[in-house]
Each structure stands twice: as C-alpha cells, then as structure tokens.
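Each chain, letter by letter, is given below.
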Amino acid sequence: MIIVLKPECSKEQVLMFTDMLTSQYNVKVNKWEGVHSTVLGLIGDTTQIDIDYIDAQDFVESVKRVQEPYKKANRKFHPENTVIELSNGVKIGDGSLQIMAGPCSVESEEQVTEIAKRVKLSGASILRGGAFKPRTSPYAFQGLKAEGLDLLKAARKATGLPIVTEIMRVSHIDMFENVDIIQVGARNMQNFELLKELGKVNKPILLKRGLSATIEEWLMSAEYIMAGGNDQVILCERGIRTYETFTRNTLDLSAIPIVKSLSHLPVVVDPSHATGKSWLVEPMAIAAVAAGADGLIIEVHNDPAHALCDGAQSLTPDQFDSLAKKVFKLKDYMKDNI
Ligand code: PEP
Ligand code: MN
C-alpha cells in the first residue's frame, strides 16, 4: 500500500501515523521524503487495513493498494489449486471436467428424477435444481421450496448424483444440511450476512459472480466465506451485465484464466444464464472448457417449452448429451495435447 501525505503534514503527524500503522497492523513502513510531500510504503499484510479510513485522514493526499485485498482466496499465499471433493468422490479442480446439470427449477419428482437419470447417462456428475428461486417478478414461479429440496434428495437417491441448489437466506441454512453443494446466486453474491454464515458451514459453496460484480468484488465475496473458516469455495462465472441485449448476459470468458491466476479456487462456467438462449449454450460451453474451466453448470429440461422457469435457455436431454460428448472429447484432447 502506498500512501502519499499532503505537503502540510507535520513531522509529528508523520511520526504518529507511522507508529499507529506499525503497531496496529504489524506492517513495516518505508518513508520517502520528497521536496513537497512524503510518501509511505507499507510492507506486509495490508489486507486488514481499511483503505477508506486511511483516505479519510486530513493529512493524506492519496492512497493506493499495490496488493490484492484478499488473502485466503489469493494464489500468492496458496500456490497449489484447491480441489473440492464431494462425498461420492467427485473432485472439482483436480484437472478433470465436472458437469453439473439439471433443471432451472425442481417442478415435480418425475421431472427432476427423469432429468437426473438422463444427465447422469450423458456424464454429468452433479445434479442442479432450484428449490428456492430468485425471480425478477414476484408473480413468477418461486420454486417448490422445502418440497423441492426433498425432491432433489429423492433424485439423488435414485441416481447417486450429489446435488447443488441455491440458498437465499441465512435462516434456511439448517434446511440445507443434507445438500452436497450450496449455491449462492448472482443476486446474493454480496449478501455479506449470508456469506459470513456460510463461512461457518462445512460444505462446498458454489459462489456465482454478481450481475455487475468486478473480479475483485467476486473474490472478496469468496474471501468472506473463507474468512469464516470455510475454504471450500467454487467460483462460477455466469455472465455479467453489459450494454448488449442480444444475450441475457455477456459471458466473460477472460474471467476464467484471470481468476485462475489470481486465485487457487476452482472455476465453473454457467453458459445457460450467461446466454439465455439454448442454441448458444453448447458453443459457449466448449469455449469455457477451452479457456480452462474446471466445470460447467447447465440447465436441462425434459420439456423446455413447458418449463416453469428458464425454458428458453434449457437444453433437452438429447441436446445435453451431444454437448457433453463434445466437451469431454475436447477436455481429453487438451489433456493430451495442450
Ligand atoms: C440459477 O442458477 O438458477 C440462477 C438463478 O442463476 P444466477 O444466480 O446465476 O442468475
Ligand atoms: Mn435458471
């Protein structure tokens, strides 16, 4: 962290300020005295320092971070990849490609179990399905809630696939006790109270990128969960808001290698919510795998035209089968040749 002090800052103020920084934050302070101003260079772990507090001091001209504000999610402090292992032995982040697939929303036992069986046959290793749905309209289908969780568990029993499903509030954490991966949706990426509580849970968390979140904000949200003691975080790029309206969101493919260089956490990509159109899901899934994604999360419905949520972006089981064949083939090719 570099702090530039105002020219009128007295020697006593500089001394008091540097003493405070060294004693309170355990950092080393290097000082350069120029003709007009003094510059302080802070060396050590500056993640705990509130940059706004520094900026608010009368005698501070400007302050700039030169190190990322997150530590636990940072590859600098944890060079090896984090590998998340589920109870059935499925590993995310170990160099393999894992596919989470299933309906946007759980609608009935037949629907979710039938889809689960089909996606498993195509090579999906995790079943997705929303029980609590964050919908833009209060009049839209809100999910089957607790019953939806039970139906997911029934589909898990029928297929052996672990389940991933979205949580929306802290008071529901106990209900998610039996879920394999808890999803935090894009709209809740900065629900800090929820993130803090999920930090106390001993379960993987799929953290979706917020609609307008920068990569740093996304990693800071992962840091919230990890700071609470839960280091099993899987990041999910699901597209961000841009001026483009052709697609539902804009898939930020560059976020995959960026996040993998900044962080040791696994990254999965959701081409369904990123595009909003079923015909765009396969090419974007292929692109995501080519860009280094550890996994994909894809919406599949046995009858997309009658889906209660997100039918337009849902693949049929046959379309999913064709996509899965291609991405696994690509992954194998990459392993052997790239
Ligand atoms: C979902 O995966 O069902 C979902 C609502 O996604 P997102 O939070 O990315 O919009
Ligand atoms: Mn959806």
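The rules behind the values
Starting afresh in each chain, residues are numbered from 1 along the sequence in its written order. Whichever chain is written first becomes A and whichever ligand is written first becomes 1, with later ones labelled in order. In keeping with the model being predicted, local features are shown solely for residues with a pLDDT of at least 70 and side-chain atom pairs are shown and tallied solely at 80 or more, while totals for entire chains, interfaces and linings include all residues. Heavy atoms throughout the structure, all of them, feed into the side-chain values; hydrogens and water do not. UniProt positions are given in the numbering used here, feature names are shortened, and annotations may be inferred rather than shown by experiment. The helix and strand labels rest on DSSP assignments: H or I over at least four residues marks a helix, E over at least two residues marks a strand, and numbering proceeds from the N terminus. What marks off one domain from the next here is an automatic or database domain assignment. Coordination here is defined by N, O and S atoms within 2.8 Å of the metal (3.2 Å for Na, K and Ca), and since water is not considered, a site can look incomplete. In this scheme, a residue with accessible area under 20% of its type's maximum is buried, one over 50% is exposed, and one in between is partly exposed, where area comes from a 1.4 Å probe on protein chains only. If a single non-hydrogen atom of a residue is within 4 Å of a molecule or strand, that residue counts as near it. What qualifies as a polar contact is a pair of N or O atoms within 3.5 Å, subject to a donor-acceptor requirement within protein and to the restriction that residues adjacent in sequence count only when both atoms come from side chains. As a working rule, the residues Ala, Val, Leu, Ile, Met, Phe, Trp, Tyr, Cys and Pro are called nonpolar, Asp, Glu, Lys and Arg charged, and the rest polar, with Gly in that last group. Every residue pair with non-hydrogen atoms within 4.5 Å of one another is taken to be in contact. In the sections that follow, a salt bridge refers to a side-chain nitrogen of Lys or Arg positioned within 4 Å of a carboxyl oxygen of Asp or Glu. Put simply, a nonpolar core is a bunch of buried Ala, Val, Leu, Ile, Met, Phe, Trp, Tyr and Cys residues held in one set by side-chain atoms that sit within 4.5 Å of each other. A pair of strands is considered paired only if DSSP assigns at least 2 bridges between the two. Inter-axis angles, ranging from 0 to 180 degrees, are taken between N-to-C directions of lines fitted to C-alpha atoms, where helices are fitted over the stretch in contact.

Looking at the UniProt feature "domain: DAHP synthetase I/KDSA" (unreviewed entry) in the protein
The UniProt feature table records "domain: DAHP synthetase I/KDSA" (unreviewed entry) at residues 82–335. Note that residues 82–335 is 36% helix and 15% strand, and that its end C-alpha atoms are spaced 19 Å apart.

Structural notes on the domain arrangement of the protein
Assigned domains of the protein: these are domain 1 (2–64) and domain 2 (84–337). In this structure, domain 1 and domain 2 have C-alpha centres spaced 43 Å apart.

Examining the coordination of the manganese ion (ligand 2)
The coordination sphere of the manganese ion (ligand 2) contains the protein donors C104 (SG), H273 (NE2), E299 (OE) and D310 (OD), at a distance range of 2.0 to 2.4 Å. Along the chain, the residues donating to the manganese ion (ligand 2) are arranged with the sequence spacing C-x168-H-x25-E-x10-D. Placement of the pair is C104 in the loop between β7 (98–102) and α3 (109–121) and E299 in strand β14 (residues 295–299), with a sequence separation of 195 residues. Assessed through its relative accessible area of 1%, C104 is described here as buried. Look at E299 and you get buried, because its relative accessible area is 0%.

Remarks on unusual backbone geometry
A negative phi holds for most residues other than glycine; trans holds for most peptide bonds. Residue K145 is not a glycine yet carries a positive backbone phi of 55 degrees. With respect to the element layout, K145 can be found in the loop between β8 (126–128) and α4 (146–159). When its relative accessible area of 40% is taken as the criterion, K145 is described as partly exposed. For D310, which is not a glycine, the phi torsion comes out positive at approximately 60 degrees. With respect to the element layout, D310 can be found in the loop between β14 and α10 (317–337). We classify D310 as buried; its relative accessible area is 18%.

With respect to the site of ligand 1
All residues adjacent to ligand 1 are R128, K133, E166, Q183, G185, A186, R187, K208, R238, H273 and E299. A distance of 2.7 Å is found between an oxygen atom of ligand 1 and a backbone nitrogen or oxygen belonging to A186. Partitioning the shell around ligand 1 into residue classes produces one nonpolar, three polar and seven charged.

So, the environment of R135
Examined against the element boundaries, R135 turns out to sit in the loop between β8 and α4. With residues near it in sequence (within four places) discarded, R135 still touches A140, F141, Q142, L308 and C309. Polar contacts involving the side chain of R135 include one to the main-chain carbonyl oxygen of F141, which spans 3.0 Å.

Regarding the pattern of salt bridges
Applying the stated criterion to the full structure yields 16 salt bridges. One salt bridge in this structure joins K11 and E33, with 4.0 Å as the shortest N-O distance. Pair noted here: K11 is in helix α1 (residues 11–25) and E33 is in strand β2 (residues 28–33), with a separation of 22 residues, a long-range link. E33 shares its class with K11; the two are exposed. Linking R128 and E299 is a salt bridge whose minimum nitrogen-to-oxygen distance equals 3.4 Å. Here E299 lies in strand β14 and R128 lies in strand β8, a separation of 171 residues in the sequence.

Some thoughts on the nonpolar core
Judged by nonpolar contacts, the single largest core of 64 residues is most densely connected at L198, L207, L235, L296, I298 and F320. Among the elements that take part in this core, helix α6 (residues 215–227) stands out by supplying six residues, more than any other. In this structure F320 touches I99, A101, V119, S122, A124, I298, V300 and L315, once residues within four positions along its chain are discounted.

Describing the side chain of K208
Tracing the chain through its elements places K208 in strand β11 (residues 205–208). A distance of 2.6 Å separates polar atoms of two side chains, one belonging to K208 and the other to D270. Residues in contact with K208, not counting those within four places in the same chain, are Q183, V184, G185, A186, M189, W218, C236, R238, D270 and H273.

Quick word on the sheet that holds strand β1 (residues 2–5)
Read across the sheet, four strands follow the order β2-β3-β1-β4 without closing on themselves; strand pairing throughout is antiparallel. With one partner strand each, in any of the chains shown, β2 and β4 (60–64) form the two edges of the open sheet. The average undirected angle you get between the axes of adjacent strands in this sheet is 20 degrees. Alignment of β1 against strand β3 (residues 38–43), held across three bridges, turns out to be antiparallel. Within β3, the residue paired with I3 across the bridge is L40.

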